[in-house]
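Chains, contacts and geometry: an overview
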Amino acid sequence: DLLPAKDFRILQAVDDSKGTAKALLYGAQVAKEFKMPVDVLTVSKRDTFGKGYMKAHNQALRSFKKVGVDPESLLKVGDPVKTIINTATKYHLII
């Protein structure tokens, strides 16, 4: 079954890796063009979030706001791959 486009959201996974910057550019462009709501997710394996992770997360939030999208901020602790999978719903486009 095809789902209505209005129900889709972007789940933008963010960390302090080099690939995050490119993914963020793509995510912001898609969110703007398709007027999609966004969840910005950063996952830490430890109970605290390092400076690099927080800097990347806050930069992602600002990037979406610059294109007119007010993102939801999600900070979670756990295995990154499992947490991303468990956070995503059938309505998420994972970037």
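Predicted, not measured: the structure shown is a model, and the values here were computed from it.

Take the environment of Ala-31 next. Assignment of secondary structure puts Ala-31 in helix α1 (residues 18-34). The spacing of Ala-31 and Val-14 is 17 residues in sequence and 15 Å in space, taken between C-alpha atoms. When neighbours within four sequence positions are excluded, Ala-31 is seen to be in contact with Ile-10, Met-36, Val-38, Phe-64 and Val-69.

A separate point is the layout of surface pockets. Here the largest pocket defines a volume of roughly 160 Å³. Around the largest pocket, the lining residues are Asp-16, Val-43, Ser-44, Lys-45, Arg-46, Thr-48, Gly-50, Lys-51, Gly-52, Tyr-53 and Pro-80. Going through the elements one at a time, β2 (38-44) and α2 (51-66) are the ones with two or more residues in the lining of the largest pocket. Ranked by residue count, the leading element in the lining of the largest pocket is α2, at three residues.

Secondary-structure assignment places Thr-20 in helix α1. The exposure class assigned to Thr-20 is buried, which follows from its relative accessible area of 9%. The residues contacting Thr-20, other than those within four sequence positions of it, are Val-14 and Asp-15.

Turning next to the pattern of salt bridges. Applying the stated criterion across every chain, the model contains one salt bridge. In this structure, the salt-bridge partner of Asp-39 is Arg-9, at a minimum N-O distance of 2.7 Å. Remark: Arg-9 occurs in strand β1 (residues 9-13) and Asp-39 occurs in strand β2; sequence separation between them is 30 residues. With a relative accessible area of 8%, Asp-39 lands in the buried category. Looking at Arg-9, the relative accessible area reads 25%, which means it is partly exposed.

With respect to the secondary-structure elements, Gly-68 resides in the loop between α2 and β3 (72-77). We classify Gly-68 as exposed; its relative accessible area is 68%. Residues Gly-68 and Ile-94, spaced 26 residues apart in sequence, show a C-alpha to C-alpha distance of 20 Å.

In this section: α2. Each full turn of the α-helix corresponds to 3.6 residues, which orients residues three or four apart in the same direction. Across its 16 residues, α2 extends 22 Å between first and last C-alpha, which sits within 8% of the 22 Å expected from 1.5 Å per residue. Those residues of α2 not exposed but buried are Ala-56, His-57, Ala-60, Leu-61, Ser-63 and Phe-64. All buried residues of α2 project into a common sector of 160 degrees when viewed along the axis, lining one side. Those residues of α2 that are exposed and aimed more than 90 degrees away from the buried face are Lys-51, Lys-55, Lys-65 and Lys-66. Where α2 is buried, its residues contact β1, α1, β2 and β3. Directly beyond the C-terminal end of α2, a positive phi value near 90 degrees is found at Gly-68.

Criteria and thresholds
- Here the residue numbers are simple positions, counted from 1 along each chain's written sequence.
- Local features in this predicted model are restricted to residues whose pLDDT is 70 or higher, and side-chain atom pairs enter the listing and the counts only when it is 80 or higher, whereas totals over whole chains, interfaces and linings include all residues.
- The side-chain quantities take in all heavy atoms of the structure and omit both hydrogens and water.
- Secondary structure elements follow DSSP: runs of H or I no shorter than four residues count as helices, runs of E no shorter than two count as strands, and numbering proceeds from the N terminus.
- The contact definition used throughout considers only heavy atoms, calling two residues in contact when any of these lie within 4.5 Å.
- Lining residues are defined by having an atom within 4 Å of a point belonging to a cavity or pocket. Those points lie on a 1 Å grid over the protein atoms alone, cavities being sets where a 1.4 Å probe fits but cannot get out and pockets being open sets with protein on both sides within 12 Å along at least five of seven lines.
- Grid points are joined across faces, edges and corners, and a volume is the space filled by probe spheres set on the points.
- Relative accessible area decides the class of each residue, using a 1.4 Å probe on protein chains only: under 20% of the type maximum gives buried, over 50% gives exposed, and in between gives partly exposed.
- Salt bridge, as used here: a side-chain nitrogen of Lys or Arg that lies within 4 Å of a carboxyl oxygen of Asp or Glu.
- By this rule, a helix spans an expected 1.5 Å times one less than how many residues it contains.
- By definition, the arc is the one covered by directions from the helix axis to the C-beta atoms.

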